[in-house]
Amino acid sequence: MSNTTRRDLLKGGLAVTAGLAAGKSSAGIPDPLITQVQDWATYTGDGVDATPYGMPVEYESDVIRRNVPWLTADSISSINFTPVHALDGTITPQGCAFERHHSGAIDLPKEAYRLMINGLVDTPLVFTYDEIERFPRENHIYFCECAANTGMEWAGAQLNGAQFTHGMIHNMEYTGVPLRMFLNEVGADLSSQNWIYVEGADASSNGRSIPMDKALDDCLVAFKANGEALRKEHGYPVRLIVPGWEGNMWVKWLRRIEVIDMPVESREETSKYTDVLEDGVARKWTWVMDAKSIITSPSPQSPILHGHGPLVISGLAWSGHGKIVRVDISQDGGMNWKIARLGKQQGDSKALTRFYLDIEWNGDQMLLQSRAIDETGYVQPTKEQLRQIRGENSVYHNNCIQTWHISENGSVENVEVS
Ligand SMILES: Nc1nc2c(c(=O)[nH]1)N[C@H]1C(S)=C(S)[C@@H](COP(=O)(O)O)O[C@H]1N2
Ligand SMILES: [Mo]
């Protein structure tokens, strides 16, 4: 196939169609998958009672969450990664959506669930799960990105796979009740200078302070994801959704909300999840996840296996500030750019947007990059631009442009361009 042009390919395509009729492949060789009765046509398939709750087909068994063993000391306070290199569209199935726990995923039945709201409120209240379900609910699609996503790449190209460099993200359709309804119910002091402190029921509690304006804006007390109950690992039965803001604030197994007049400055918002700048001073808080994108295929775990000809370049873009309005793709390390096609024109706000660029690949090496632009006009920065402000000792909030090197044989590697 080495010298195939688009015209040859189209001719080949026609030959395939003609060959199918004659039971032959495009090369004129009889294709047994067409000419012979296949095994699966000789017996009956599984009955409808075989899988009351379906699992992915066995041939897709490598599309799974994976972790990087050296990253954390144990698997209890750890992270695994969404297989973004193998997914398409925008919704992340719960079964392969990354998990981040500080003290493991707990077992919390609905009957034992309680949500307490206290502090600067008229009437402190405790809600049961059933009571939460009686408030008017909404559906929203949002991405959740851990602030540490891409955090291992500050000092150089490190992990060889989009799953590992960019897999601390998932995107689900949540069903839940706007947080403001609960704050109204308890008669909270909704002044702009107030805060809420949210805690989980797990041993770590993962406490975080959230400014009142954000709490009233679009935070959601969610109990369903992608139509079904939250999975245990994502906070069953109830978690907080903080759209566009760092994943750490999305408290799972939501147990308590305290209305307060100043931030708590807990561990998770001081020694963790803050950013050390170039001059060694740590920036106080970075809540919003800036615009970012990643080419998911081709990528190191998803090399080009089909040879020359039409190639679908595909990836994901998102911004904590709102919608993605444009994604550019470069094949030469950022010198020239083409505008990608968005899977859904102007996707949902604070949700993943899928993009595509359909090209003709003739086997030339490529330095593939994508660059997201959001509705505020913000353009995803290069690694160099980020390092000028942040230095190389940062961990969190790395939204730089990623480069994949595509070799002549279609294999892909994580590289840096300067
Ligand atoms: N109660 C509780 N909430 C938590 C955490 C936790 O350990 N305990 N981890 C946080 C972090 S750091 C992230 S990135 C997100 C991850 O959500 P997920 O596990 O559903 O992907 O949950 C956040 N909420
Ligand atoms: Mo996180």
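Caption draft 1: Region of the structure containing the site of ligand 1. By nearness alone, 21 residues border ligand 1, and Phe-98, His-102, Asp-202, Arg-239 and Lys-252 come closest of all. Within the backbone of Phe-98, one N or O atom sits 2.6 Å away from an oxygen atom of ligand 1. At a separation of 2.8 Å, an oxygen atom of ligand 1 approaches a polar side-chain atom of His-170. When ligand 1 sits alone it has 540 Å² of accessible area, and the protein chains cover 100% of it.

Caption draft 2: Highlighting the sheet that holds strand S16 (residues 309-318). Pairing is antiparallel in the open sheet, where four strands are placed in the order S15-S16-S20-S19. Each end of this open sheet is capped by a strand with a single partner; those strands are strand S15 (292-297) and strand S19 (341-342).

Caption draft 3: Geometry of helix H7 (residues 383-390). The complete set of buried residues in H7 reads Lys-383, Leu-386, Arg-387 and Arg-390. Seen along its axis, H7 keeps its buried residues to an arc of 100 degrees; they face one direction. In H7, the exposed residues that point more than 90 degrees away from the buried face are Gln-388 and Ile-389. On its buried face, H7 sits against strand S13 (275-276) and strand S14 (282-283).

Caption draft 4: Spotlight on the nonpolar core. Membership of the largest hydrophobic core comes to 57 residues, with the highest contact counts inside it found for Tyr-174, Leu-179, Leu-183, Ile-196, Leu-240 and Leu-254. With five residues, the single largest contributor to this core is strand S9 (residues 220-225). Not counting residues within four places of it along the chain, the set of residues in contact with Ile-196 comprises Leu-179, Leu-183, Arg-208, Ser-209, Ile-210, Met-212, Ala-215, Ile-257, Glu-258, Val-259 and Ile-260.

Caption draft 5: Structural detail: the domain arrangement of the protein chain. Domains assigned within the protein chain are domain 1 (100-283) and domain 2 (292-415). With centres defined by C-alpha atoms, the gap from domain 1 to domain 2 works out at 28 Å. Between domain 1 and domain 2, roughly 3100 Å² of surface is buried when both sides are summed, and carbon and sulfur atoms account for 54% of that area. In this structure, the connection of domain 1 to domain 2 is made through three salt bridges. For Lys-350, the salt bridge identified is with Asp-218, shortest N-O distance 2.8 Å.

Caption draft 6: Focus on the confidence of the model for the protein chain. Here the protein chain averages 93 in pLDDT, while 93% of its residues score no lower than 70. Overall, residues 1-21 carries pLDDT values under 50, and its contacts beyond four positions in sequence, including any with other chains, amount to 16 contacts.

Caption draft 7: Spatial organisation of the pattern of salt bridges. For the structure on display, the rule yields 23 salt bridges. Here the residues in one salt-bridge network are Glu-199, Arg-255, Arg-256 and Glu-258, joined through shared partners.

Caption draft 8: Highlighting unusual backbone geometry. At the junction of Tyr-236 and Pro-237, the peptide bond is cis and its omega measures out at 5 degrees in the coordinates. Note that Pro-237 resides in the loop between strand S10 (228-229) and strand S11 (239-241). Cis peptide bonds are those with omega within 30 degrees of zero, and the linkage from Ser-297 to Pro-298 qualifies with 0 degrees. Within the fold, Pro-298 resides in the loop between S15 and S16.

Caption draft 9: Inspection of the sheet that holds strand S18 (residues 338-339) at higher detail. The strand order S18-S17-S21-S22-S23 describes an open sheet built from five strands, whose pairing is antiparallel. Bordering the open sheet on either side are S18 and strand S23 (412-415), each of which pairs with just one other strand. Examined bridge by bridge, strand S17 (residues 324-330) and strand S21 (residues 366-374) share six bridges and lie antiparallel to one another. Across the sheet, Asp-328 pairs through a bridge with Arg-371, a residue of S21.

Caption draft 10: The packing of aromatic side chains, seen in detail. Tallied over the full model, the rule gives twelve aromatic pairs. Ring geometry for Phe-143 versus Trp-318: centroids 6.4 Å apart, planes at 55 degrees, classification tilted. Residue Phe-143 is found in strand S5 (residues 138-145), and its partner Trp-318 is found in strand S16; the two are separated by 175 residues along the sequence. Of the residues examined, Phe-143 reaches a relative accessible area of 0% and is grouped as buried.

Caption draft 11: Examining the side chain of Lys-383 more closely. Mapped onto the fold, Lys-383 is located in helix H7. Given a relative accessible area of 11%, Lys-383 falls into the buried group. Only 2.9 Å separates the side chain of Lys-383 from the backbone oxygen of Glu-153, close enough to count as a polar contact. Lys-383 has contacts with Glu-153, Gly-156, Ala-157, Cys-400 and Glu-416, leaving out every residue within four places of it along the chain.

Reading guide: rules and limits
- Residues numbered from 1 in each chain as written.
- Chains lettered and ligands numbered in written order.
- Predicted model: local features only at pLDDT ≥ 70, side-chain atom pairs only at ≥ 80, totals over all residues.
- Heavy atoms only, no water.
- Near = heavy atom within 4 Å.
- Polar contact = N/O pair within 3.5 Å; in protein donor to acceptor, adjacent residues only side chain to side chain.
- Areas by Shrake-Rupley, 256 points an atom, 1.4 Å probe, with all protein chains shown as cover.
- Pairing = 2+ DSSP bridges.
- Helix = DSSP H or I, 4+ residues; strand = E, 2+ residues; numbered from the N terminus.
- Buried < 20%, exposed > 50% of the residue type's maximum accessible area, 1.4 Å probe, protein only.
- Arc of directions from axis to C-beta.
- Contact = heavy atoms within 4.5 Å.
- Core = buried A, V, L, I, M, F, W, Y, C linked by side-chain atoms within 4.5 Å.
- Domains from an automatic or database assignment.
- Buried area = accessible area lost by both parts, 1.4 Å probe.
- Salt bridge = Lys/Arg side-chain N within 4 Å of Asp/Glu carboxyl O.
- pLDDT = per-residue confidence, 0-100.
- Phe/Tyr/Trp six-rings, centres within 6.5 Å; stacked < 30°, edge-to-face > 60°.

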